[in-house]
Amino acid sequence: ICFVKTAVLFDIDSRIPNLALMKLSAFYKAQGWKVVLAKEIAYIKADRYLASAVFRAHRTMEKLSKLRAIYGGDIDIGGSAVDLSRRLPPEIETCFPDYSLYGHTGYALGFLTRGCPKRCSFCVVPVKEGRLKLQGASFSGFVPLRWKNVMLLDDNLLSFPDVIGLLDEMADCGYKVNFSQTLDISYLNESIYQALLRIDSRNARFTRKRIYFSLNSPGIIRQFETKKEMLKGFGKDRVSVVSMYGFNTSLSQDYNRWMMLRRLQLVPFFQEYWPIEAI
């Protein structure tokens, strides 16, 4: 009699399919294991227990406490909420994501690059990802054949030295792309602008054309002013600007950013800063 081992994967707080869990699922299934996705905190009889937590929020911490109370040292918990330095082993990191874990067919998701050359004090990326680097196998590492919707998770894509090559690949493949972590306007130049114009950039639901930039510091306002013609060139109501508040700005500075975005006819999206406790 051949007994099939079972691995239970707990998705604690992901708002989109959890990439790490999909890679873990692919790895264990390739070893002949049965894989079960669990979102509710409860006891499940299995041979291995793994969990991923992304957001260091109170609700996430409560769920993790309940998991530890149930499984003790038998559960392996990773993710940005618990450890910024931990990585998947190379043999798992290179796995093609198992989208069937979530029954997900809406879009592919993954990284082309990891890290960022900047060290913004409000951001965990410098600690979590380090300096900018190429992730690996380009789109073939996470986009299934014939899928056209792609959500990119890159921290600062435009800062990559050969970003035009990546943008041209997106356009040539006919991908509809959601730049989920926004683009850095400080790297926007004429060459990159022309390459971005060729891309069908979309919102997170892939229902409308939308390209995202970030404006987290009042000092960047001038970049939007000097590059307003490029921003206008993306089309009316197609440029959304994500602006953080509550970190180191005053109400008057936040108001000035709002008025500038209105004047340039850009779509504002203000996001509250969430303090990140030391991990």
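Everything discussed here concerns the structure shown above.
Just so it is clear, the model here is predicted, and its values are computed rather than measured. (Residues numbered from 1 in each chain as written. Predicted model: local features only at pLDDT ≥ 70, side-chain atom pairs only at ≥ 80, totals over all residues. Heavy atoms only, no water.)

Across its full length, the chain carries nine helices and 13 strands. The globule rule puts the C-alpha radius of gyration for 279 residues at 19 Å, and the 20 Å found for the chain is close to it. For the chain, the C-alpha atoms occupy an extent of roughly 70 × 45 × 30 Å along the three principal directions. Looking at the chain as a whole, 44% of its 279 residues are labelled buried. For the chain, contacts bridging at least 24 residues in sequence account for 76% of all contacts bridging at least 6. Carbon together with sulfur atoms contributes 52% to the accessible area of the chain, which is approximately 15,000 Å² in total. With 39 positive and 27 negative side-chain charges, the chain shows a separation of 4 Å between the mean positions of the two kinds. (Helix = DSSP H or I, 4+ residues; strand = E, 2+ residues; numbered from the N terminus. Rg over C-alpha atoms; globule rule 2.2 N^0.38 Å. Buried < 20%, exposed > 50% of the residue type's maximum accessible area, 1.4 Å probe, protein only. Contact = heavy atoms within 4.5 Å. Areas by Shrake-Rupley, 256 points an atom, 1.4 Å probe, with all protein chains shown as cover. Lys, Arg positive; Asp, Glu negative; His and termini not counted. Charge placed at Lys NZ, Arg CZ, Asp CG, Glu CD.)

Glancing now at the pairing of strand S2 (residues 34–38). Of the pairings in the sheet, the one linking strand S1 (residues 6–11) to S2 comprises five bridges and is parallel in character. Note on S2: the bridge partner recorded for Leu9 is Leu37. (Pairing = 2+ DSSP bridges.)

A word on the pattern of salt bridges. The tally for this structure, following the rule as stated, stands at twelve salt bridges. For Asp172, the salt bridge identified is with Arg198, shortest N-O distance 2.7 Å. In this pair, Asp172 is assigned in helix H5 (residues 163–173) and Arg198 in the loop between helix H6 (190–197) and strand S10 (200–201), connecting sequence segments 26 residues apart. Given the relative accessible area of 58%, Asp172 is considered exposed. Here Arg198 falls in the partly exposed class, since its relative accessible area comes to 46%. Asp200 serves as the salt-bridge partner of Arg202, at 2.8 Å between the closest nitrogen and oxygen. Judged by relative accessible area, which is 12%, Arg202 ranks as buried. Judged by its relative accessible area of 17%, Asp200 falls in the buried class. (Salt bridge = Lys/Arg side-chain N within 4 Å of Asp/Glu carboxyl O.)

Now for the side chain of Asp98. Relative to the helices and strands, Asp98 is located in the loop between helix H3 (90–93) and strand S5 (108–110). Among the polar contacts listed, one links the side chain of Asp98 to the side chain of Ser100, at a separation of 2.4 Å. With near-sequence residues (within four places) excluded, Asp98 lies in contact with Met22, Ser25, Ala26 and Lys29. (Polar contact = N/O pair within 3.5 Å; in protein donor to acceptor, adjacent residues only side chain to side chain.)

A separate point is the sheet that holds strand S11 (residues 211–214). A sheet is described by the order of its strands in space; here three strands give the open sequence S11-S12-S13, paired in parallel fashion. Because the sheet does not close on itself, it has two edges, and the strands there are S11 and strand S13 (267–272). The mean inter-strand angle of the sheet, taken between neighbouring strand axes irrespective of direction, is 30°. As defined by bridge partners, S11 adjoins strand S12 (residues 239–245) across four bridges and the pair is classed as parallel. For Ser214, the partnering residue across the bridge sits in S12 and is Val242. (Axes fitted to C-alpha atoms, helices over the stretch in contact; angles between N-to-C directions.)

With that out of the way, let us pick up the nonpolar core. In this structure, Leu152, Leu167, Met170, Phe179, Leu196, Phe213 and Phe224 are the most contacted members of the largest nonpolar core, which totals 60 residues. The residues contacting Phe179, other than those within four sequence positions of it, are Leu152, Leu157, Leu167, Met170, Leu196, Ile199, Ser201, Ile211 and Tyr212. With 15 residues, the next largest nonpolar core counts Tyr49, Ala53, Ala81 and Val82 among its residues. (Core = buried A, V, L, I, M, F, W, Y, C linked by side-chain atoms within 4.5 Å.)

Counted by the stated rule, this structure contains 15 aromatic pairs. On the basis of an interplanar angle of 45° and a centroid distance of 6.1 Å, the ring pair of Phe213 and Phe234 is categorised as tilted. Here the residue Phe213 occupies a position in strand S11, and Phe234 occupies one in the loop between helix H8 (228–233) and S12, the gap between them amounting to 21 residues. For the pair formed by Phe213 and Phe234, the shared burial category is buried. The side chain of Arg15 reaches across the aromatic face of Phe55, ending 4.4 Å from its centre. Against the face of Phe111 rests Arg114, its NZ or CZ located 3.7 Å from the ring centre. (Phe/Tyr/Trp six-rings, centres within 6.5 Å; stacked < 30°, edge-to-face > 60°. Lys NZ or Arg CZ within 6 Å of the ring centre and 35° of its normal.)

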